[in-house]
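Listed below, chain by chain, are the residues.
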Amino acid sequence: DALRFHASIGTANKEARLRYLAAYWMDRVRGVSGVRLYTPRDPRRHGALASFGIDGMPARVVAERLMDEYRIFTVVRGIGDGECVRVTPHLYTSVEDLDALVAAIRALAR
């Protein structure tokens, strides 16, 4: 049933939705003082996954605080010599979920 459901959505529609979700939250934190996006702006260079960091705060601390204070699950990944926080929305992720993420990132960056 799950495979039939995903097949009925279609690959192009899934890709478009995931790109929309990634762009949605990144556009809202781009330019926020203290927030650094590691994901390229060009949508041809990424899919749903996107990474960020907050100046002066280790990625592990950001991920822990997102979970502990906001109940938002993210993961820490290596990037170059450092680490970043990876956000991975899925088809079921709502705009309201991403608004909560944006608000949490803005609060942590203050």
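Our structure's up above, just so we're on the same page.
Residues numbered from 1 in each chain as written. Predicted model: local features only at pLDDT ≥ 70, side-chain atom pairs only at ≥ 80, totals over all residues. Heavy atoms only, no water.

Asks: I'm lost on the sheet that holds strand S4 (residues 82-87) in this one. Help?
Replies: Backbone-to-backbone hydrogen bonds join strands into a sheet, with any given pair of strands oriented parallel or antiparallel. The antiparallel open sheet is built from 4 strands, whose spatial order is S1-S2-S4-S3. Edge strands, defined here as strands with exactly one partner in the open sheet, are strand S1 (35-37) and strand S3 (75-79). Direction aside, neighbouring strands of the sheet carry axes that sit 40 degrees apart on average. In this sheet, strand S2 (residues 50-54) lies alongside S1 in antiparallel orientation, the contact comprising 3 bridges. Its bridge partner being in S2, Arg 36 is matched across the sheet by Gly 53. Sitting on the sheet, helix H3 (residues 59-70) is in contact with S2, S3 and S4, with an inclination near 25 degrees to S4. Lying over the sheet, helix H4 (residues 95-109) contacts S1, S2 and S4, oriented at roughly 25 degrees with respect to S2. (Pairing = 2+ DSSP bridges. Helix = DSSP H or I, 4+ residues; strand = E, 2+ residues; numbered from the N terminus. Axes fitted to C-alpha atoms, helices over the stretch in contact; angles between N-to-C directions. Contact = heavy atoms within 4.5 Å.)

Asks: Hey, could you run me through the pattern of salt bridges in this one?
Replies: Pairing is possible between side chains that carry opposite charge, provided their charged atoms lie close to one another. Applying the stated rule across the entire model yields 4 salt bridges. Here Arg 4 makes a salt bridge to Asp 1, at a shortest N to O gap of 2.4 Å. For Arg 4, a relative accessible area of 59% puts it in the exposed group. Taking relative accessible area as the criterion, Asp 1 reaches 72% and is therefore assigned exposed. (Salt bridge = Lys/Arg side-chain N within 4 Å of Asp/Glu carboxyl O. Buried < 20%, exposed > 50% of the residue type's maximum accessible area, 1.4 Å probe, protein only.)

Asks: Before we go on, may I ask you to explain the packing of aromatic side chains in this structure?
Replies: Each aromatic ring pair is summarised here by two numbers: the centre-to-centre distance and the angle between the ring planes. One pass over the full model with this rule turns up 2 aromatic pairs. Ring plane angle 50 degrees and centroid distance 6.0 Å describe the contact between Tyr 20 and Tyr 24, whose orientation is recorded as tilted. Of this pair, Tyr 20 and Tyr 24 both sit in helix H2 (residues 11-29), 4 residues apart, which is roughly one turn of that helix. Given the relative accessible area of 41%, Tyr 20 is considered partly exposed. Taking the centre distance of 5.9 Å and the plane angle of 70 degrees together, the rings of Trp 25 and Phe 52 count as edge-to-face. Taken together, the residues Trp 25 in helix H2 and Phe 52 in strand S2 connect sequence positions 27 residues apart. Judged on exposure class, the residue Trp 25 and its partner Phe 52 are both buried. In this structure, Arg 28 packs its charged tip against the face of Tyr 24, placed 3.5 Å from the ring centre. (Phe/Tyr/Trp six-rings, centres within 6.5 Å; stacked < 30°, edge-to-face > 60°. Lys NZ or Arg CZ within 6 Å of the ring centre and 35° of its normal.)

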